[in-house]
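# Structural description and commentary
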Amino acid sequence: MSEPTACVSCCPDPRSADPYCVRCDLLVGLESLHVIGVERDDDVVIVVIESAPGLMGCPACGVVAASKGRRTVELIDAPAFGSPVRLRWRKRRWVCPDPGCEVGSFTEQDAQIAAPRAVLTSRATRWAIAQLRSENASVAGLARQLGVSWWTCWNAIRPVLADAADDEYRFDGVTTLGVDEHVWHHVSPKDRGPKELTGMVDLTRDGEGNTHARLLDLVPGRSGTVYASWLDERGAEFRGRVQIATLDPFHGYKNAIDDRLEDATAVLDAFHVVKLAGQAIDEVRRRVQQQTLGHRGRKGDPLYGIRNILRAAPERLTDRQINRLNRAIATDEAHEEVLVAWQAAQQIRTAYRSKDPTHGRRLAERVLASLPSCPIPEIARLGRTLRKWRTAFLAYFDTARSSNGGTEAINGIIELARRIARGFRNRDNYRLRMLLVAGGITP
């Protein structure tokens, strides 16, 4: 590179006592370093920087060191003006004049600019992490903007995320804990381990009663043992703080809650209860369809035509939809069974929609008393299932309507991040990326 020249409009003469341009320094924004040259090379912006001359003491013995000139180190900085940026840092070098000093010679370092032997600047790493977390970016896309390879970009990001994930402080203050599972890959478990991961989510409410869900961890497997082991690792203090534990109707997680979170209230997720009721209606409709017509639902069949109406709440139906429902039921006397199943399932929805939790609990108790004895087998099975989960089912009305909805929202964020990345092959990398995008860690 040629010798840097001063900007005619704003820079002082480089031969003057203060050859640095304040405006250029402000534009680049590196504290304690000054810009002495800028150029473009194949659409890459190259910025030459250096610190002002001055005295330096030996870091070991404190003796004033003698200057040995400068050496240039190139770093990858955050992109600017639509182009990759390279910083050429002219680092000062010194030698300790004390013959007994073990340091000998040393080079200028500034961790705020870049860690020793780093390839990316600290600013570029922060920029990449922010893009991953807030802008739904992929590592491949960030690498293209930085003008580096995928591995160069990820090797700078990964240690920062790993340090944040290892910080136990992020588990402090958790009083409501959610749990759910998801599938993170669809290849052979022999290659990548278990397909299912169990995710723990912080559902603690703020002072205004709002939930800001954040992912706490992802562990391989889907079982009560996996959940219980993770709770053991967190320690007695963490477990003692948890007051509410929400879950889907899976007995493995419920057993872990009963064994490890004795003082917490287990709450069955309202969405999944309503989903079970909707599945029971579908099962009744299909059975009656098969009994009356001898085949699966087809276009033009009365019950098949109202399958979506049966999934809706009564108050959401238009007059036209209500007329379609009544006509389909009136087509055959056997269809009355479908109507009764729909009405029975709506009792659960009504209990959850009640504005008064006390009134909602009374309605839920009526559901528990009536559904198990229903003559429709699918509805009776639904009633028996809810009766087994009685305490967790009713706890919804005693815990200010706690639910696992925040956990499902976190799963949605995870699914989006996995699609953007086009899949993952390394579970550790997957865990760190999901902890970042789902709020589990804040570097």
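First, a word on scope: everything that follows refers to the structure included in this document. Per-chain numbering applies: the sequence of each chain, read as written, is numbered from 1 onward. Where local features are concerned, this predicted model is filtered to residues with pLDDT of at least 70; where side-chain atom pairs are given and counted, the filter is 80 or more; whole-chain, interface and lining totals use all residues. Side-chain metrics in this entry use all non-hydrogen atoms of the structure; hydrogen atoms and water are not considered.

A few words on helix 14 (residues 377-388). If you check helix 14, its first and last C-alpha atoms are 17 Å apart, about what 12 residues at 1.5 Å a residue would give, namely 16 Å. Buried means the residue's accessible area, taken with a 1.4 Å probe over protein chains only, is under 20% of the maximum for its type, while exposed means over 50%, and partly exposed covers the values in between. Counting from the N terminus, the helices are DSSP H or I runs at least four residues long and the strands are E runs at least two residues long. Among all positions in helix 14, only E378, I379, A380, L382, G383 and L386 are buried. Residues count as neighbours in contact if any of their non-hydrogen atoms are within 4.5 Å of one another. Buried positions along helix 14 lie against helix 9 (270-293), helix 12 (336-353), helix 13 (357-370) and helix 15 (390-394). One less than the number of residues in a helix, times 1.5 Å, gives the span that helix is expected to have.

Below, the discussion takes up the nonpolar core. We call a set of buried residues a nonpolar core when its members are Ala, Val, Leu, Ile, Met, Phe, Trp, Tyr or Cys and they connect through side-chain atoms within 4.5 Å of each other. Ranked by internal contacts, the top residues of the largest apolar core, which has 67 residues, are L177, Y227, W230, L261 and I348. Examining the composition of this core, we find that nine residues originate from one element, helix 12, more than from any other. In contact with W230, other than residues within four places in its own chain, are F171, L177, M200, L216, D217, V219 and F238.

For the rest of this paragraph, the subject is the side chain of H185. Assignment of secondary structure puts H185 in the loop between strand 6 (176-183) and helix 5 (189-192). A distance of 3.0 Å separates a polar side-chain atom of H185 from the backbone oxygen of G193. Counted as a polar contact is a pair of N or O atoms within 3.5 Å, where, for protein atoms, one must be capable of donating a hydrogen and the other of accepting one, and residues adjacent in sequence contribute only when both atoms are in side chains. A polar contact is formed between the side chain of H185 and the backbone oxygen of P194, at a distance of 3.4 Å. With residues near it in sequence (within four places) discarded, H185 still touches R192, G193, P194 and K195.

Let's shift gears to the pairing of strand 3 (residues 66-80). For two strands to be treated as a pair, DSSP must find at least two bridges joining them. Sheet analysis places strand 3 next to strand 4 (residues 83-95), joined by 11 bridges and oriented antiparallel. Within the sheet, the bridge partner assigned to E74 lies in strand 4 and is R88. From the end of strand 3 to the start of strand 4, which pair antiparallel, there are two residues, and F81 there has a positive phi angle of about 55 degrees.

To continue, consider the environment of T246. Tracing the sequence through the fold places T246 in strand 9 (residues 244-247). As a C-alpha pair, T246 and R324 span 78 residues in sequence and 38 Å in three-dimensional space. With near-sequence residues (within four places) excluded, T246 lies in contact with L177, G178, V179, L203, V267, S402, S403 and N404.

With that out of the way, let us pick up helix 8 (residues 251-260). Of the residues making up helix 8, those classed as buried are G252, Y253, K254, A256 and I257. Looking at the buried residues of helix 8, the elements they touch are strand 6, strand 7 (196-202), helix 6 (224-234), strand 9, strand 10 (265-268) and helix 15.

Bringing the packing of helix 6 against helix 8 into the picture now. Every angle, taken between N-to-C directions, lies between 0 and 180 degrees, and every axis is a line fitted to C-alpha atoms, over only the stretch in contact when it is a helix. One can describe the packing of helix 6 onto helix 8 by two numbers: an axis separation of 7 Å at closest approach and a directional angle of 30 degrees. Judged by the twist between their axes, the crossing of helix 6 over helix 8 is right-handed. Listed contacts from helix 8 to G224, Y227, A228, L231 and D232 of helix 6 are G252, Y253, A256, I257 and R260. Asp, Glu, Lys and Arg are counted as charged, while Ala, Val, Leu, Ile, Met, Phe, Trp, Tyr, Cys and Pro are counted as nonpolar; the rest, among them Gly, fall into the polar class. Here the residues of the contact of helix 6 with helix 8 sort into six nonpolar, two polar and two charged. Take the far helix as your reference; a near helix turned counterclockwise from it by less than a right angle gives a left-handed crossing, and one turned clockwise gives a right-handed crossing.

Here the focus is the packing of aromatic side chains. Two rings from Phe, Tyr or Trp (for Trp, the six-membered ring) form a pair when their centres sit within 6.5 Å of each other. Planes less than 30 degrees apart are called stacked, planes more than 60 degrees apart edge-to-face, and all others tilted. Scanning all chains against the criterion turns up 14 aromatic pairs. Ring centres of F171 and F238 lie 6.2 Å apart, and the angle between their planes is 80 degrees; this geometry places the pair in the edge-to-face category. Pair noted here: F171 is in the loop between helix 4 (150-165) and strand 6 and F238 is in helix 7 (residues 236-241), with a separation of 67 residues, a long-range link. The exposure class assigned to F171 is buried, which follows from its relative accessible area of 3%. With a relative accessible area of 2%, F238 lands in the buried category. A connected cluster of aromatic rings, assembled from ring pairs, spans Y352, F393, Y396 and F397. Against the face of F250 rests R222, its NZ or CZ located 3.9 Å from the ring centre. The cationic tip of R234 hangs over the ring face of F171; the distance from NZ or CZ to the ring centre is 4.3 Å. Geometrically, a lysine NZ or arginine CZ counts as sitting over a ring once it is within 6 Å of the ring centre and also within 35 degrees of the ring normal.

The quantities given are spatial measurements derived from coordinates; they are silent on function.
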